[in-house]
Amino acid sequence: MMGIHATSPHPDDTMGLSEAEACERLQRDGPNVLIASEGFRSLRVLRELLREPMLLMLIAAAAIYGAIGSAAEALFLAASVLIVVGITFAQEFRAEGALAALRELAAPTAHVIREAGEREIPASAVVLGDVVLLREGDKVPADGMLVAGTILLDESLLTGESVAVQRSAGDAQDHAVHAATLVVGGNGRMHVTAIGARTAVGQIGGALAGALAAPSALQKAAARIVRLFAVFALALALAVAWGSWWWAGSPPLNAALAGIALAMAVLPEEVPVILAVFYALGARRIAHHGVLTRRLAAVEAMGTISLLAVDKTGTLTQNQMEVASVTDATGVLRDLAGPLDDADVVLLGAASDACQAHSMDPTDRAIVAYATHRLDDIVPAGPPGACVWETPVSEGRPFVSRLLTKGSAGWVLATKGAPEAILALCDVDDDTRSRLRACAAAFAQRGMRVLAVAVAHGTGVPPTRDGPGVRQRFLGLMALADPLREEVPAAIGVCREAGIRVVMLTGDHPATASSIGAQAGLRVENVLTGAELDGVSEPELARRLVDVDVYARVQPTQKLRLVKAFRRAGYVVGMTGDGVNDAPALRSADVGVAMGARGSEVARDSADLVLLDDRFSSLVTGIRLGRRVYDNVKRSMRFVSAVHVPIVCLAIVPVVLRWPPVLLPVQIALLEMIIDPACSIVFEAMPERPDVMRHAPRRPNESPFAGRNIGIGIAQGLGAGAILTLAHMISLHLGASYEAASLATFLGLLGAALMLAFAGRGSPRVQATPWLMGLGALVLAVGLSTSYLPWLRGLLHFAPPTAMTLATLAGSLVALRVWLVVVALLERRLLVARRPASLDASRASPHHAPTREIPP
């Protein structure tokens, strides 16, 4: 049972529950989820399937065949209904399985204390009585009471109030913490008192599932198109049925069958399935390469990105910080392996005190590891000081201060951060200040991150967080190295080839940013700092954006301003971020990308994508795969539009010329069993074009339903329809029976479907996949079966094949091959004629014109 309230007393918050007790409570109370998983919803799929026009027409055709005494045809169509249901369930199962895998990857985690040790567990495994560690950037996994520490909470989801509120363990009236609120500052420990649907936010369950499954703009457009075609197909079917009866003189039930056959030929019922399956499976494929898609609409948007605004630390660099240099308070270098004097001990102690004890930040972890290693044999290990309060990095404050009590020794205020900001807090003479700044600049020019450390000591009443500032004593500089990832220059080169501009937004020193940017392959001639950005007007900023690829000492609100400026300039912006304060910019970007390894839950909730390994190259791979998904959707839509046209032609022409029907519902049902898997399986697995990352991003308003794409498919289909209709006419003229001519035409349609699928590759350089070869084997098997199995041939009203049948088929396929080559040549000429003249020049330049200015 979900949603249980705890009634047991608080456990020891330093020991937590035992694993055995946690397992027992999880079995007793159920998982900490807001809505129970429904699994694969078979009844929902069946209910939606029974509303599909194609299935209803199959049922109607089966009923008519039964009414006119054609029991074999009726049974065949009834079996077709079962096969269609089976194919639909298989497709839904694949899509549902892909979405379930994505939900599992995206499931939030929680850090709990179990058996006196910290454990990272899925948030769904949090149980009543657990002690949960809360840190800046976390999403609270359950309701509870704060038993240690002070935190700032964003409770806007519950209250609508945008101002963060403070919760403190020492305040008996104000220490309640609620699930789904966000920790935007501080850290603490919480005792869980309610889980699941009984939490205060229990009504918002399934938010991620809804985000993943919500239809994209393209899926909504496809649904509208299918509805429009359904109305059109019904009207046309009625017209053909009436024409068959009144004009061609067919019996009423036969005329109704002719109308149903035409409606089945017109309906593009595959379109919604294509989009649902392609995007779900595409998102799972992208996740295998380290990019989690939190919203399926992002799969569409990835192919439109024309600018990537990325952070430096951990994205372009290895995120393996280590202390590389240390100076004393006057800027003199210290020996990292040499003996420590008293000043060194104070410096390392203060630097460690300025870091959270269990920080996930790589800089903090590097400092603590170095300080612990160096002080281990000099300063005896003692209990850590209790943190009274801390001020994290925020707007206008590029440093961290932490106030700790040291027992009878009083209090210590330890601060670390940007050298220029720390120097402003300390009394340092001008000569020393200049020397320290020069030293910091020298470190930064070598690509290192430079932090200054300061400290203040006192006894008695400690200073308050919001009280007057305390003058501190400057202790020295620490330079940390974080090397560039080896694959980054090549990945940025790929982006340049793909028409994607890359810019760096970092809080680091300008010299550090320039050094890393130059190693990565960015332009570093012009660097814009956050301070300069504040003094630039919007028109001037728009001009500066053209020439600046590196932005240093940038604050979160400035990132938001830059993202908006890039979008106004016409770029489609993908932005990476990891902190709480990055959330507004991530939401404002066209595609927000959060860090999975070091990012906060707040950032992940605000993003469309999550980099599971934080690697820039993974993001570039994700964009490449996103382009592949969209290209395959285009290929499939072109195939759908092409393969239905000859079927429509062969359904209409006999009515106009007063022929007997060329195609019957049983024959079209058999054709659909080939067309459906070709659309949703063969094309989904189609490999990418070799030049997929050597052309500009597509425009945001480009659609696979665009006239050029569908028009090419219709041209292919019209040629196939004309060729097969002419071949049918010639067969009859040369004395072939109606049944023999129909067999040649049906086999021609099978061959046309296969040839259109191969033509859908777009280029002979695109390798034929096993699925495409399997489609060829299926077409061959169906063709041989309909030709040489007497019972199936009789069911479909065909005559045994003759030499004329084979000659007609061969001539039709040769003519169709020639026609497809002609259409491909015309399409290639059209693309060359419409290609932007500036594209080749843009590839040679680090800067690219905004994609929205490139013609479709």
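For the structure, check the block above.
Predicted, not measured: the structure shown is a model, and the values here were computed from it. (Residues numbered from 1 in each chain as written. Predicted model: local features only at pLDDT ≥ 70, side-chain atom pairs only at ≥ 80, totals over all residues. Heavy atoms only, no water.)

**Observations concerning the pairing of strand 1 (residues 109–114)**
Okay, so step 1: Counting buried positions along strand 1 gives five out of six residues, so the element sits mostly inside the fold.
Okay, so step 2: Taken together, the six bridges between strand 1 and strand 2 (residues 117–122) define a ladder with antiparallel strand orientation. Looking at the pairing, Ile113 lines up with Glu118 of strand 2.
Okay, so step 3: As defined by bridge partners, strand 1 adjoins strand 3 (residues 131–135) across three bridges and the pair is classed as antiparallel. Paired with Ile113 across the strands is Val131, a residue of strand 3. (Buried < 20%, exposed > 50% of the residue type's maximum accessible area, 1.4 Å probe, protein only. Helix = DSSP H or I, 4+ residues; strand = E, 2+ residues; numbered from the N terminus. Pairing = 2+ DSSP bridges.)

**Some details on the nonpolar core**
Okay, so step 1: If you look at the biggest cluster of nonpolar residues, it comprises 64 residues, and the most contacted ones within it are Leu275, Tyr279, Met637, Phe639, Leu750 and Leu775.
Okay, so step 2: Counting residues per element, this core draws most heavily on helix 25 (residues 738–759), at 11 residues.
Okay, so step 3: Dropping the residues within four chain positions of it, Leu750 is found in contact with Leu671, Ile674, Val779, Val782 and Gly783.
Okay, so step 4: Counting 37 residues, the second largest nonpolar core, distinct from the first, contains Leu308, Cys495, Ile500 and Leu619. (Core = buried A, V, L, I, M, F, W, Y, C linked by side-chain atoms within 4.5 Å. Contact = heavy atoms within 4.5 Å.)

**Quick look at the packing of helix 23 (residues 665–682) against helix 25**
Okay, so step 1: Interaxial distance between helix 23 and helix 25 falls to 11 Å at its minimum, and their mutual angle equals 20°. Here helix 23 lies roughly parallel to helix 25, going by the angle between them. When you trace helix 23 past helix 25, the crossing you get is right-handed. The segment helix 23 lies against helix 25, with Gln667, Leu670, Leu671 and Ile674 engaging Phe746, Leu749 and Leu750.
Okay, so step 2: For the contact of helix 23 with helix 25, the residue count by class is six nonpolar, one polar and no charged. (Axes fitted to C-alpha atoms, helices over the stretch in contact; angles between N-to-C directions. Parallel < 35°, antiparallel > 145°, perpendicular 65-115°, else oblique. Left-handed = near helix turned anticlockwise from the far one by under 90°. Nonpolar A, V, L, I, M, F, W, Y, C, P; charged D, E, K, R; others polar.)

**Here we look at the sheet that holds strand 10 (residues 322–326)**
Okay, so step 1: Here we have six strands laid out as an open sheet, ordered 10-15-14-13-12-11, and antiparallel in their pairing. Each end of this open sheet is capped by a strand with a single partner; those strands are strand 10 and strand 11 (386–391). Recorded for the sheet is a direction-independent mean angle of 25° between the axes of neighbouring strands.
Okay, so step 2: Contacting strand 10, strand 14 (449–458) and strand 15 (473–481), helix 14 (residues 430–445) runs over the sheet at an angle of about 10° to strand 15.

**Quick look at the packing of helix 22 (residues 616–656) against helix 24 (residues 707–733)**
Okay, so step 1: In contact at an axis separation of 7 Å, helix 22 and helix 24 are set at 35° when each is read in the N-to-C sense. Here helix 22 and helix 24 pass one another in a crossing that is right-handed. Residue-level inspection shows Lys634, Met637, Arg638, Ser641, Ala642, Val645, Pro646, Cys649, Leu650 and Val653 of helix 22 in contact with helix 24, the latter providing Asn709, Ile710, Ile712, Gly713, Ile714, Gln716, Gly717, Leu718, Ala720, Gly721, Leu724 and Thr725.
Okay, so step 2: Residue composition of the contact of helix 22 with helix 24, by class: 13 nonpolar, seven polar and two charged.

**Re helix 22**
Okay, so step 1: With 41 residues, helix 22 ought to run about 60 Å at 1.5 Å a step, and its terminal C-alpha atoms sit 61 Å apart, in line with that.
Okay, so step 2: When you tally the buried positions in helix 22, you get 35 out of 41 residues, the bulk of the element.
Okay, so step 3: Just past helix 22, the residue Arg658 takes up positive phi, approximately 60°. (Expected span 1.5 Å × (residues − 1).)

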